[in-house]
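The chain contents come next:
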Amino acid sequence: MAYNYDPENIFAKILRGEIPNDTVLETEHALAFRDIAPQAPNHVLIIPKGAYVSFDHFAAEAGADEIVGYIRAVGAVCKMLGVDLGSDGDGYRMIANTGKNGVQDVPHLHVHILAGKFLGRMLPNI
Ligand code: AMP
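What you are looking at is a predicted structure, and each value in this text was computed from that prediction instead of being measured.

A. Spatial organisation of the site of the ligand. Surrounding the ligand, one finds 16 residues, the nearest of these being Asp35, Asn97, Asp105, His110 and His112. One nitrogen or oxygen atom from the main chain of Val103 is found 3.2 Å from an oxygen atom belonging to the ligand. Taking Asp105, its main chain carries an N or O atom lying 2.7 Å from an oxygen atom of the ligand. Here the ligand has 510 Å² of accessible area as a free molecule, and 86% of this is covered by the chains. One can see that the ligand is located within the largest pocket. Elements that contribute at least two residues to the shell around the ligand include exactly α1 (10–15) and β2 (30–34). A per-element tally of the shell around the ligand places α1 first, with three residues. Residues of the shell around the ligand, tallied by class, amount to nine nonpolar, four polar and three charged.

Right under this line is the structure:
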């Protein structure tokens, strides 16, 4: 079955400039902006500019330049926040909620970067 992308999702509207956002970084292939309901002192979402619903969709269909551009943007955001290990930062958690079981609310690929405090174990019941 083919991937199904809804062009009316909130992040598509942000990319089209129809909804404002608190931009952290914009590159040719990616946009990073602060989450509207932060769950950590630093909570940034990073999205590719292309129409991909999930990481697996992106991995299957994005071009090499888009993939490199997106991954580099994730690294650049971590560096901008000062949480990357290359700068001896305190680290972060990167989350990509996906689909029904992953409880993905917005169907445009995004990774969350959560940082700025100790985040505990990955899942609360483990
Ligand atoms: P999820 O799809 O469950 O991984 O999470 C979607 C995230 O998008 C949530 O953390 C929301 O707080 C965030 N969000 C929803 N609308 C906006 C918006 N307009 N600007 C910034 N973040 C948003």
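Read on for the rest.
B. Expanded view of the pattern of salt bridges. What the rule picks out here adds up to three salt bridges. Its salt-bridge partner being Arg16, residue Glu18 comes within 2.7 Å of it at the nearest N-O pair. Put simply, Glu26 and Lys49 hold a salt bridge, and the shortest N to O gap is 2.7 Å. Here Glu26 is found in strand β1 (residues 23–26), whereas its partner Lys49 is found in the loop between β3 (42–48) and α2 (55–61), with 23 residues between them in sequence. A relative accessible area of 33% places Lys49 in the partly exposed class.

About the criteria used
- Residues numbered from 1 in each chain as written.
- Predicted model: local features only at pLDDT ≥ 70, side-chain atom pairs only at ≥ 80, totals over all residues.
- Heavy atoms only, no water.
- Near = heavy atom within 4 Å.
- Polar contact = N/O pair within 3.5 Å; in protein donor to acceptor, adjacent residues only side chain to side chain.
- Areas by Shrake-Rupley, 256 points an atom, 1.4 Å probe, with all protein chains shown as cover.
- 1 Å grid on protein atoms, 1.4 Å probe; cavity = no way out; pocket = protein on both sides within 12 Å on 5 of 7 lines; lining within 4 Å.
- Sits in = over half its atoms within 2 Å of the grid points.
- Helix = DSSP H or I, 4+ residues; strand = E, 2+ residues; numbered from the N terminus.
- Nonpolar A, V, L, I, M, F, W, Y, C, P; charged D, E, K, R; others polar.
- Salt bridge = Lys/Arg side-chain N within 4 Å of Asp/Glu carboxyl O.
- Buried < 20%, exposed > 50% of the residue type's maximum accessible area, 1.4 Å probe, protein only.

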